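# Structural characterization, general
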Amino acid sequence: MCAKRWHGRNRFNPSGMSTYAREYLHKAPASVLEGRGMESGAHVDIMGNVALIEDVLRVATGASGIDLGGDRIHSDVMKIFE
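Residues numbered from 1 in each chain as written. Predicted model: local features only at pLDDT ≥ 70, side-chain atom pairs only at ≥ 80, totals over all residues. Heavy atoms only, no water.

The next point concerns the overall build of the protein. Check the secondary structure of the protein and you find 3 helices and 0 strands. For the protein, the succession of helices and strands along the chain, N to C, is α-α-α. Here the protein, with 82 residues, has 17% of them falling under the buried criterion. Of the contacts formed within the protein by residues at least 6 apart in sequence, a portion of 46% connects residues at least 24 apart. Within the structure as shown, the protein displays about 6,200 Å² of accessible surface, and the carbon and sulfur contribution to it stands at 61%. (Helix = DSSP H or I, 4+ residues; strand = E, 2+ residues; numbered from the N terminus. Buried < 20%, exposed > 50% of the residue type's maximum accessible area, 1.4 Å probe, protein only. Contact = heavy atoms within 4.5 Å. Areas by Shrake-Rupley, 256 points an atom, 1.4 Å probe, with all protein chains shown as cover.)

What follows is the structure, given as structure tokens:
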């Protein structure tokens, strides 16, 4: 869904707001003592990912998706979508 279905004006985005897909690379914690890790991309751990928190703070303070660099895709999700 997030690969393309929200982009443009359609039934999933009836107002046609600009949307951007952002993937965050997963870097597992170096040790058990590190806990969940600051660069984890795992399902629940993503909320502690430093890059995600930075993006959220930038948007909350007025940055646009373009300011963040637009789409950032690391996987083959676009090819899989097609």
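Bringing the confidence of the model for the protein into the picture now. On average, the protein scores 82 in pLDDT, and the residues at 70 or more come to 85%. Per-element confidence in the protein is highest for helix 1 (residues 50-60), whose mean pLDDT is 92, and lowest for helix 3 (residues 77-81), whose mean pLDDT is 81. (pLDDT = per-residue confidence, 0-100.)

Let's shift gears to the pattern of salt bridges. Enumeration according to the criterion identifies 2 salt bridges in this entry. For Arg22, the salt bridge identified is with Asp55, shortest N-O distance 3.1 Å. With Arg22 in the segment before helix 1 and Asp55 in helix 1, the pair connects residues that are 33 residues apart, well separated along the chain. Given a relative accessible area of 8%, Asp55 falls into the buried group. For Arg72, the salt bridge identified is with Asp55, shortest N-O distance 3.8 Å. Here Arg72 is found in the loop between helix 2 (65-68) and helix 3, whereas its partner Asp55 is found in helix 1, with 17 residues between them in sequence. Arg72 gets classed as partly exposed once you look at its relative accessible area, which sits at 25%. Salt bridges here are not isolated pairs; linked through shared partners, they connect Arg22, Asp55 and Arg72. (Salt bridge = Lys/Arg side-chain N within 4 Å of Asp/Glu carboxyl O.)

Moving on: the side chain of Asn13. Considering the arrangement of structural elements, one finds Asn13 in the segment before helix 1. The class of Asn13 is buried, set by a relative accessible area of 7%. Within the structure, the side chain of Asn13 is placed 2.7 Å from the backbone oxygen of Met17, a separation counted as a polar contact. (Polar contact = N/O pair within 3.5 Å; in protein donor to acceptor, adjacent residues only side chain to side chain.)

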